[in-house]
Structure formats: C-alpha cells, structure tokens
Amino acid sequence: KMPMEALLHGLMIRSGNDAANAVATLCCGSVDAFVEKMNEKAQQLGAYDSHFANPHGYHDENHYTTAYDLAVFARAGLTDPVFCRIVTALSYPMPETNMREARELKCTHEIFDPESEYYIPYAAGVKSGYTSAAGFCYVGAAQTKQGTLIAVVLHAPTRNRAWVDLKRLFAYGYASMK
C-alpha cells in the first residue's frame, strides 16, 4: 500500500510508469477508463491535437500531442496548488511500504542545480520525458515577478540540448514581456 501523494511524486519526479498505471486504476477502476477521461479532459481544455493511449507516455501510434497542447495542460495544472507542489518538488521522502524501506526521491535535472552550466534560475517544474521516438522532452515553467512562463521542448537529441533550448525559450519569453 502506498499513499496517493507518494504515487504522484513517484510519477512526476521519477517518471514512475508503474505509478501512472496505479493512479489510473485507483482513480477510474482501469487504465482504459482513465485514458478515456484523459482524452475527454484534453478536449475540454481545447487540446484538440492530442490523443492518449496510456497514462504514462510510452510510445503508441494512437498516443500523440503537440507542444501547444502540452503548454495548455501545464497552464491548467499550474492553477491547482497540489499539482504545483508536486511538479516543483526537488525531492520527496517516499514512505516505507510492506515491500520496501523508506527512500528519498530526488529530481536530478541540471536546470535546478546552481552549480550546473544548464541552471535556469527561475525554473519551477513541470515534467521531463524521453522515448526513442520522441527524444528528450520537457514541459517547464519559470516564475519571476514578471509572471509565469511555460515552455515546451520536444524531440531534443540530448537532455542537455533540451535544457539549452528551454533556457533560450525562457529568455525570449521574459525579454518579450518587457
């Protein structure tokens, strides 16, 4: 047994696909029912160029989205305080279960490390991903007094290239706000 909050942190910080399936089943009774709700929600949000085939993002011909739609999802999520807390967490104390000891989950993205050349000072989450078909992807937020920006990088050849592109998008966004 594991608390829902722990599952969500495992899903978002460590890309736990097992957690995605567990959340789907717990919320809707089955993965298929959850995916149906995902597609309904995408339509409600105006993300018309997305279709989901699973809750975790593994490649499937019927699972696709766009940078615009991912930004729509991030914008909607960032209005929820629980979502914000989870997607901006750099670590989480995963509680002990009957199957394993307690452990600390840590986000290791260089964009959050002030010692890294890829550090982005105002970065604030949201989610990274990788598949061989999609490459390195990141939906990110940056928050300053000027406001919150959302940027999406898809199909980067390396994770570090995704960070460089993300930093450039945020710089462009903030320069455009002036």
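See the structure above.
The structure reproduced in this document is the subject of the present report. Nothing here was measured: the structure is a model prediction, and the numbers come from that model.

## Here's the deal with the overall build of the chain
So, step 1. Counting its secondary structure elements, the chain contains six helices and five strands.
So, step 2. Each helix (α) and strand (β) of the chain, taken in turn from the N terminus, gives the series α-α-α-α-α-β-β-β-β-β-α.
So, step 3. A compact globule built from 178 residues would reach a C-alpha radius of gyration of about 16 Å, and the chain, at 16 Å, matches this within 12%.
So, step 4. For the C-alpha atoms alone, the extent of the chain along its principal axes is close to 50 × 40 × 30 Å.
So, step 5. The buried share of the chain, taken over its 178 residues, is 39%.
So, step 6. Taking the contacts inside the chain whose residues are at least 6 apart along the sequence as the reference set, 41% of them involve residues at least 24 apart.
So, step 7. The positive charge centre, built from 16 side chains, and the negative charge centre, built from 18, are 7 Å apart in the chain.

## Remarks on the pairing of strand β1 (residues 91-94)
So, step 1. Only one face of β1 is buried, namely the one carrying Tyr-92 and Met-94, since none of Ser-91 and Pro-93 on the opposite face is buried.
So, step 2. Where β1 and strand β2 (residues 103-106) come together, four bridges link them in antiparallel fashion. In the sheet register, Met-94 faces β2, and the bridge partner there is Arg-103.

## A few points about the nonpolar core
Soluble, globular proteins show a tendency: their nonpolar side chains are buried together.
So, step 1. Core analysis: the largest hydrophobic core is formed by 23 residues, its most contacted members being Ile-111, Leu-166 and Phe-170.
So, step 2. Elements represented by at least two residues in this core include exactly α1 (4-14), β1, β4 (135-144), β5 (147-156) and α6 (159-177).
So, step 3. Looking at this core, the element that brings in the most residues is α6, giving five residues.
So, step 4. The next biggest cluster of nonpolar side chains, apart from the first, holds nine residues, and it includes Leu-78, Val-87, Val-139 and Val-152.

The rules behind the values
Along each chain, the written sequence defines residue order, and numbers are assigned to residues from 1. Totals for whole chains, interfaces and linings use every residue, but because this is a predicted model, local features are given only for residues with pLDDT of at least 70 and side-chain atom pairs only at 80 or more, for both listing and counting. Note that water and hydrogens are dropped before the side-chain values are worked out from all heavy atoms of the structure. Runs of H or I in DSSP of at least four residues are treated as helices and runs of E of at least two as strands, each being numbered from the N terminus. Every radius of gyration here is taken over C-alpha atoms, with the globule rule written as 2.2 Å times N^0.38, N being the number of residues. Working definition: with a 1.4 Å probe on protein chains only, accessible area under 20% of the residue-type maximum means buried, over 50% means exposed, and in between means partly exposed. The contact criterion used is simple: two residues touch if any of their non-hydrogen atoms lie within 4.5 Å. All tallies of charge rest on Lys and Arg as positive and Asp and Glu as negative; His and the ends of each chain are not included. Think of each charge as sitting on NZ of Lys, CZ of Arg, CG of Asp or CD of Glu. When DSSP finds two or more bridges between a pair of strands, those strands are recorded as paired. Nonpolar cores are built from buried Ala, Val, Leu, Ile, Met, Phe, Trp, Tyr and Cys residues. Side-chain atoms within 4.5 Å join them into one set.

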